[in-house]
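Single-letter residue listing:
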Amino acid sequence: EAEIKHARLAMLAAAGWPISELFDKKIAFVFGMTPVLDAANRVPSVLNGGMGKISPFYWAGCVVVAAAVDVYGLSQVTKKEGYFAGNLGFDPFGLNPKDEEGKKRMQLAEIKNGRLAMIAITAFAAQEFVSHVAIIDQTPFFFKPIWQVLSDL
């Protein structure tokens, strides 16, 4: 149960880290807020600093939402027959296969991608801490349009 939860959080974080570096300043400008990125466009993190820029209300909201999801998940363990780790019945797009072989393949893919995301998010934090350069600026060919990358060369 814990590994699948951590895997899902890591996948969200691995996607959210570069997206926040790309769009934080633009979104902050639209809403008239102060961007949370530092001068080198790095995301606030424990290693980079800047965690004080994030509102305590945001952190409280994160804890409340996480607790609600966890309580809901724990309540489902005792109610559902055939429950397996991480099966909260949330599949709004109907992507989960109906056959058993397909479900097992999807579960394996999810856990493998989650493990890779755990490594990726750890690497993002370490890489920005060591180099003091934002992830999107270190590997722009992954995160920026190719014509922009080529014009910057």
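Everything below is about the structure printed above this text.
Being a predicted model, the structure only gives us computed values, none of them experimental. (Residues numbered from 1 in each chain as written. Predicted model: local features only at pLDDT ≥ 70, side-chain atom pairs only at ≥ 80, totals over all residues. Heavy atoms only, no water.)

Trainee: Tell me about the pattern of salt bridges, and name the residues and values.
Mentor: Applying the stated rule across the entire model yields five salt bridges. Note that Glu3 is salt-bridged to Arg115, the shortest N-O span being 2.7 Å. Separated by 112 residues along the polypeptide, Glu3 in helix H1 (residues 2–31) and Arg115 in helix H3 (residues 100–131) bring together distant segments of the chain. For Lys144, the salt bridge goes to Asp137, with nearest N and O atoms at 3.1 Å. Given a relative accessible area of 33%, Asp137 falls into the partly exposed group. (Salt bridge = Lys/Arg side-chain N within 4 Å of Asp/Glu carboxyl O. Helix = DSSP H or I, 4+ residues; strand = E, 2+ residues; numbered from the N terminus. Buried < 20%, exposed > 50% of the residue type's maximum accessible area, 1.4 Å probe, protein only.)

Trainee: Describe H3, listing the residues and the values that go with them.
Mentor: Relative to the 46 Å expected for 32 residues at 1.5 Å per residue, H3 spans 46 Å between its end C-alpha atoms, a close match to the ideal helical length. All buried positions along H3 are accounted for by Gly102, Ile111, Gly114, Ala117, Ile121, Phe124, Ala125 and Glu128. On the buried face of H3, the contacting elements are H1 and helix H4 (135–138). (Expected span 1.5 Å × (residues − 1). Contact = heavy atoms within 4.5 Å.)

Trainee: Run through the packing of H1 against H3, naming residues and quoting values.
Mentor: For the pair H1 and H3, the least separation of the axes is 7 Å and the interaxial angle reads 45°. Judged by the angle between their axes, H1 and H3 are oblique. As for how H1 packs across H3, the hand of that crossing is left-handed. Judged by residue contacts, Glu3, Ile4, His6, Ala7, Arg8, Ala10, Met11, Ala13, Ala14, Trp17, Pro18 and Glu21 of H1 engage Glu110, Ile111, Asn113, Gly114, Arg115, Ala117, Met118, Ala120, Ile121, Phe124, Ala125 and Glu128 from H3. (Axes fitted to C-alpha atoms, helices over the stretch in contact; angles between N-to-C directions. Parallel < 35°, antiparallel > 145°, perpendicular 65-115°, else oblique. Left-handed = near helix turned anticlockwise from the far one by under 90°.)

Trainee: Account for the packing of aromatic side chains, naming residues and giving values.
Mentor: Here the structure, examined in full by the defined rule, presents four aromatic pairs. Between the aromatic rings of Trp17 and Phe124, the centroid separation amounts to 6.1 Å while the plane-to-plane angle is 55°, which identifies the pairing as tilted. Within this pair, whereas Trp17 is found in helix H1, its partner Phe124 is found in helix H3, the two being separated by 107 residues in sequence. The residues Trp17 and Phe124 share a single accessibility class, namely buried. Geometrically, the ring pair formed by Phe141 and Phe142 is tilted, given 4.7 Å between the ring centres and 50° between the ring planes. The exposure class assigned to Phe141 is exposed, which follows from its relative accessible area of 53%. (Phe/Tyr/Trp six-rings, centres within 6.5 Å; stacked < 30°, edge-to-face > 60°.)

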